[in-house]
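One-letter residues, chain by chain:
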Amino acid sequence: MTRELWVRLGIAVGGVVLAIVVAKLVDRRIANRRLEPGTITRYRILRQSILWAIVFVGVLSALLVIPQVRALAAGILASGAVIGLVLGFAAQRTIGNFIAGLLIAFTQPVRLGDEIEIDGTRGVVEEIGLIYTWMQTSDNDRLAIPNEKLASDTIRNSTIRDPRRLAEVTVHVPLTADLRAAVSILEPGTDEVSVVELGTDATIAVRRYVDASEALEHGESELRVEISERLRQAGITGVGE
C-alpha cells in the first residue's frame, strides 16, 4: 500500500512538473517571435489557467490514494463544488461588466462614434464589448473602460442628441475696436458669436457646429483661420486668442 501511494504521488507530481516544463519551453519559443500583444495576452492567460487546472486535479488525484481523505477528494472531483466556488468569486467583476455591457447596449448612454468625457478624459467611442468599452483619446491613445464603471459613473456625451460637435474659439479684441462691427463680421458661416467678457480687452466667443466625420480640432483650426482673415480684412488689429 505504501509503495502504491508513492507511485501515485510520483505520477501526480511528475504530471505537474511536466506541465510546468512544457509551459516554460513554449514561453521561451514564443518570446523569440514578434506576435501581436492580443495574441500573447490570450496565450499567457490560457496557459496559466491550464497549468493551475492540472495542478489542482493532480493534487486531488494524489489525495485519492489516502484513505482518510479519499471520500472528500472524490466528492470534490465529482461535484466540482470548489471549482465553481473559486470561479464564482473570481468572476464577480467579470459578470458585473458583462451585465453592464448588456445594459449599455439596451439603454445606450453611449454609442459607437460618440464623443464622451469620463474622469476628465475625452475621446471617441471605438468599440463597445461585453466586458470593456474602448475609447480613442485626442492624442490617439486607446482607453479601456470597464463597462461596470461606464454604467455607474457620470458621463458627458457631447454627441448623443446631435451628431455634430461644437467647435468653439475665443478671440481677444481691443476695446478701442467697434465690437458690434466685429461681431457682425464674424457671424456669417457661424452658429453663435457673443461678447463673453470685458476687461483690458473684449473676449468674443465664436461657435460653429462641425460634422461628426470631421475632427473637432480641425474644425476649431479652420475657425481660427477664418476669424483671423475676417478681422484682418476689416482692419481690426491687436487681436489675440
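Heads up: the structure comes first, above all this text.
All of the points below concern the structure found in this document. Just so it is clear, the structure is predicted and the values come from calculations on it, not from any experiment.

**What about a nonpolar patch on the surface?**
Residues Ile 95, Phe 98, Ile 99, Leu 102, Leu 103, Phe 106 and Leu 130 make up a contiguous nonpolar surface patch of about 700 Å² in total accessible area. Phe 98 sits in the partly exposed class, given a relative accessible area of 34%.

**As for the pattern of salt bridges**
The tally for this structure, following the rule as stated, stands at ten salt bridges. Between Asp 114 and Arg 111 there is a salt bridge, and its shortest N-O distance comes to 3.0 Å. With relative accessibility at 3%, the residue Asp 114 sits in the buried group. A salt bridge links Lys 149 to Asp 119, with the shortest nitrogen-to-oxygen separation between them at 2.8 Å. Placement of the pair is Lys 149 in helix H6 (residues 147-152) and Asp 119 in the loop between strand S1 (115-118) and strand S2 (121-128), with a sequence separation of 30 residues.

**Regarding the packing of helix H7 (residues 179-186) against helix H8 (residues 216-233)**
Interhelical geometry of H7 versus H8 gives an angle of 130° and a closest axis separation of 10 Å. Classified by the angle their axes make, H7 and H8 are oblique. As H7 packs across H8, the resulting crossing turns out to be right-handed. Between H7 and H8, the residues in contact are Ala 182, Ile 185 and Leu 186 and Ile 227, Arg 230 and Leu 231, respectively.

**Quick look at the sheet that holds strand S7 (residues 192-198)**
One open sheet accounts for three strands, arranged S6-S8-S7; its pairing is antiparallel. Edge strands, defined here as strands with exactly one partner in the open sheet, are strand S6 (165-174) and S7. When strand polarity is set aside, the average angle formed by the axes of neighbouring strands in this sheet is 25°. As defined by bridge partners, S6 adjoins strand S8 (residues 201-210) across ten bridges and the pair is classed as antiparallel. In the strand pairing of S8, Leu 166 is matched with Tyr 209. Helix-sheet contacts for H7 involve S6, S7 and S8, and the interaxial angle to S8 is about 15°. With respect to the sheet, H8 is in contact with S6 and S8, its orientation differing from that of S6 by roughly 30°.

**Observations regarding the pairing of strand S4 (residues 142-146)**
Inspection of the sheet shows strand S3 (residues 132-137) paired to S4 by five bridges, in the antiparallel sense. If you follow Trp 134 over to S4, its bridge partner there is Ala 144. Two successive antiparallel strands, S3 and S4, enclose a turn made up of four residues, where Asn 140 displays a positive phi of approximately 70°.

Quick notes on the rules
Residues numbered from 1 in each chain as written. Predicted model: local features only at pLDDT ≥ 70, side-chain atom pairs only at ≥ 80, totals over all residues. Heavy atoms only, no water. Patch = residues over 30% accessible without salt bridge, like charges linked within 9 Å, V, L, I, M, F, W, Y side chains within 5 Å. Areas by Shrake-Rupley, 256 points an atom, 1.4 Å probe, with all protein chains shown as cover. Salt bridge = Lys/Arg side-chain N within 4 Å of Asp/Glu carboxyl O. Buried < 20%, exposed > 50% of the residue type's maximum accessible area, 1.4 Å probe, protein only. Helix = DSSP H or I, 4+ residues; strand = E, 2+ residues; numbered from the N terminus. Axes fitted to C-alpha atoms, helices over the stretch in contact; angles between N-to-C directions. Parallel < 35°, antiparallel > 145°, perpendicular 65-115°, else oblique. Left-handed = near helix turned anticlockwise from the far one by under 90°. Contact = heavy atoms within 4.5 Å. Pairing = 2+ DSSP bridges.

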